[in-house]
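Chain by chain, the residues:
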Amino acid sequence: MVNIPTTTMRIDPELKEKANEVLDDLGLNMSTAMNMFLKAVVREQGMPLDLHTGNDKNAQGSANVDEPTGNQ
């Protein structure tokens, strides 16, 4: 058996409880979910999700700004 070290994280108790409820519904525990997340970070060589600053409220729609609409 591989000797896997324990990692300690600080997580807001309410956030942890809500996350555990979702993970339970998925049949996962926190440890498995964190391992999945970290494997995705390695695979993607970055965060495996879209991150936005919130400053550009039209971030998703901005890709279509220069596309013609056909109503000209």
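The rules behind each value
- Residues numbered from 1 in each chain as written.
- Predicted model: local features only at pLDDT ≥ 70, side-chain atom pairs only at ≥ 80, totals over all residues.
- Heavy atoms only, no water.
- Patch = residues over 30% accessible without salt bridge, like charges linked within 9 Å, V, L, I, M, F, W, Y side chains within 5 Å.
- Areas by Shrake-Rupley, 256 points an atom, 1.4 Å probe, with all protein chains shown as cover.
- Salt bridge = Lys/Arg side-chain N within 4 Å of Asp/Glu carboxyl O.
- Helix = DSSP H or I, 4+ residues; strand = E, 2+ residues; numbered from the N terminus.
- Buried < 20%, exposed > 50% of the residue type's maximum accessible area, 1.4 Å probe, protein only.
- Lys, Arg positive; Asp, Glu negative; His and termini not counted.
- Charge placed at Lys NZ, Arg CZ, Asp CG, Glu CD.
- Expected span 1.5 Å × (residues − 1).
- Contact = heavy atoms within 4.5 Å.
- Polar contact = N/O pair within 3.5 Å; in protein donor to acceptor, adjacent residues only side chain to side chain.

## Focus: a nonpolar patch on the surface
Here is step 1: Residues Met9, Ile11 and Leu15 make up a contiguous nonpolar surface patch of roughly 260 Å² in combined accessible area.
Here is step 2: The topology assignment puts methionine 9 in the segment before helix H1 (13-26).
Here is step 3: Take methionine 9: its relative accessible area is 43%, and that puts it in the partly exposed class.

## Describing unusual backbone geometry
When glycine is set aside, most residues are seen to have a negative phi, and most peptide bonds are trans.
Here is step 1: Here the phi dihedral of glutamine 45 falls at roughly 55 degrees; this positive angle occurs in a residue that is not glycine.
Here is step 2: Mapped onto the elements, glutamine 45 comes out in the segment after helix H2 (30-44).
Here is step 3: Using a relative accessible area of 69% as the deciding quantity, one classes glutamine 45 as exposed.

## Notes on a negative patch on the surface
Here is step 1: On the surface, Glu17, Glu21, Asp24 and Asp25 cluster together to form a negatively charged patch.
Here is step 2: Here aspartate 24 lies in helix H1.
Here is step 3: Using a relative accessible area of 55% as the deciding quantity, one classes aspartate 24 as exposed.

## Concerning H2
Here is step 1: Counted at 1.5 Å a residue, the expected span for H2 with its 15 residues is 21 Å, and the 21 Å between its end C-alpha atoms agrees.
Here is step 2: Buried residues in H2 make contact with H1.
Here is step 3: Between a side-chain oxygen at the N-terminus of H2 and the backbone nitrogen of serine 31 the separation is 3.2 Å; the capping residue is asparagine 29.
Here is step 4: The first or second residue beyond H2 is glutamine 45, which carries a positive phi of 55 degrees.

## Section: H1
Note: α-helices contain 3.6 residues per turn, so residues at a spacing of three or four share the same orientation.
Here is step 1: For H1, with 14 residues, the first-to-last C-alpha span of 20 Å sits near the 20 Å given by 1.5 Å per residue.
Here is step 2: Two to three positions downstream of the cap, the backbone nitrogen of glutamate 14 sits 3.0 Å from a side-chain oxygen, assigning the N-cap of H1 to aspartate 12.
Here is step 3: Glycine 27 sits one or two positions beyond H1 and adopts a positive phi of about 75 degrees.

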